[in-house]
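# Residue-level structure breakdown
In case you want the letters, here they are:
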Amino acid sequence: MSSLPVKKFSKVLVTGAAGFIGSSLSQRLLDEGCQVIGLDNFDPFYSVKLKRHNLKGLQVHSNFKLIEGDILNEQLVADLFAEHTFDVVVHLAAKAGVRPSIVDPESYFEVNVRGTLNLLKQLKHTTDTRFVMASSSSVYGANDNPPFAESAETSLAVSPYAASKKAGEVLCHTFSHLHGIPTTLLRFFTVYGPKQRPEMAMAKFISLVDAGKKVPMFGDGLSARDYTYIDDIVDGIYRSCERCEGYKIYNLGNSAPVSLRQMIDCVGEVCGREPIIEQFADQPGDVPLTFADISLAQKELGYSPKTSLRDGLTHYRQWSRAHPLADELSIW
Ligand SMILES: NC(=O)c1ccc[n+]([C@@H]2O[C@H](COP(=O)([O-])OP(=O)(O)OC[C@H]3O[C@@H](n4cnc5c(N)ncnc54)[C@H](O)[C@@H]3O)[C@@H](O)[C@H]2O)c1
């Protein structure tokens, strides 16, 4: 059940369509009968081969078209909006990842803020196109009042990535307010599953445990994340596309945080091997806990995550064993 009315849609622009969440969402949209234009610049942050592989199942579909290009290219973005009338724009293209943002904050602000601005500048010419954008649980910073509700403090970011996501949110509010763009911001909580970014901890841990190698554990293992399975996130995005109106922010999480040590133990169970742990100091920019209050998304979107960590990890491991490309770890 959801309290917001469902509005049909058919033509969707997905930015970041070659990425983990973008390719998974595009598949769902095609399955639902939508026409999907995917925009992606194949940023080399991780294996470009993996991104091309993500698109293989989509490109056989006559309702899918890939535009290879950069959201920073204003002319390309303007031409795209001149050529197509979109019912929904799902903006997922971004520089993702907390730790690399500390080394290169400029490029995070460039893509995550100026890139978002380029899309908003085109959207202001229409009030019919809905805008659904990926934000992040990282905007809650080191919040010590869990679970985190959408109304919680979000101005105390502890990484440039988080700050860039918050800046993107504020920019969306301004454009929605000035130009009436129906806008929904989705704060994702650590998304995992098939096609997952290879630099994310779980992907690395599974391949290390399977190989009988040491697992690096940063901190004492008590830091916790609200790991959320990709199919649950995709369902939340789809529901947001159907119900996007006014200016809204929703948490999409699992609302069941798991400590790092518990996650490593669960990886061990799924792989059928005892993990060998090597402990390191805490990483700067990391927060101790993420924990989503999902009551608003449950009420207004009918969002209801269903996948346990154990099931989700099992699905991911099955997929990664069938796709050896997933082991191309580019930044670890
Ligand atoms: N995966 C998570 O746990 C998580 C958590 C919170 C928020 N998010 C957000 O969700 C979105 C998708 O994340 P993901 O995990 O799928 O990441 P991803 O890196 O797999 O996907 C992002 C895609 O955007 C593309 N891209 C980057 N810069 C671009 C540019 N300038 N122009 C066009 N395309 C560009 C990349 O090539 C990539 O394919 C991002 O906005 C991310 O910040 C993800």
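Residues numbered from 1 in each chain as written. Predicted model: local features only at pLDDT ≥ 70, side-chain atom pairs only at ≥ 80, totals over all residues.

The next point concerns unusual backbone geometry. Going from proline 146 to proline 147, the amide bond is cis rather than trans, its omega being -5°. Of note, phenylalanine 42 is a non-glycine position whose phi angle comes to about 50°, a positive value. Relative to the helices and strands, phenylalanine 42 resides in the loop between β2 (35–40) and α2 (48–59). According to the C-beta neighbour criterion, phenylalanine 42 is partly exposed, with 15 such atoms within 10 Å. Even without a glycine there, the phi angle at lysine 195 is positive, about 80°. Along the polypeptide, lysine 195 turns up in the loop between β7 (191–192) and α7 (201–210). We classify lysine 195 as buried; it has 24 C-beta atoms within 10 Å. (Helix = DSSP H or I, 4+ residues; strand = E, 2+ residues; numbered from the N terminus. Buried ≥ 20, exposed ≤ 12 C-beta atoms within 10 Å, placed from the backbone.)

Moving on to the site of the ligand. The local shell around the ligand holds 29 residues, among which Gly16, Gly19, Phe20, Ala94 and Ala134 are the closest. Those elements that provide at least two residues to the shell around the ligand are α1 (20–31), β2, α5 (105–123) and β5 (130–136). Of the residues contributing to the shell around the ligand, the split by class is 16 nonpolar, eight polar and five charged. (Near = placed C-beta within 6 Å. Nonpolar A, V, L, I, M, F, W, Y, C, P; charged D, E, K, R; others polar.)

A few words now on α7. Because an α-helix packs 3.6 residues into every turn, residues spaced three or four apart end up facing the same way. With eight of ten residues buried, α7 lies mostly within the body of the structure. If you check which residues of α7 are buried, you get Ala201, Met202, Ala203, Phe205, Ile206, Ser207, Leu208 and Val209. Summarising the contacts, the buried residues of α7 are in contact with β7, β8 (214–218), α9 (260–271) and α11 (309–322). Within two residues after α7, glycine 212 carries a phi angle of roughly 70°, on the positive side. (Contact = placed C-beta atoms within 7 Å.)

Further remarks concern the sheet that holds strand β6 (residues 183–188). What the seven strands build is an open sheet, ordered β3-β2-β1-β4-β5-β6-β11; its pairing is parallel. Looking at which strands have only one partner, the edges of the open sheet turn out to be β3 (64–68) and β11 (247–252). The average undirected angle you get between the axes of adjacent strands in this sheet is 20°. In terms of strand pairing, β6 meets β11 through six bridges, oriented parallel. Counted as the bridge partner of leucine 186 is tyrosine 250 from β11. Where helix α8 (residues 230–243) meets the sheet, its contacts fall on β4 (88–91), β5, β6 and β11, and the angle it forms with β6 comes to roughly 170°. (Pairing = 2+ DSSP bridges. Axes fitted to C-alpha atoms, helices over the stretch in contact; angles between N-to-C directions.)

Fair warning: the whole summary comes from geometry, so function is off the table for now.
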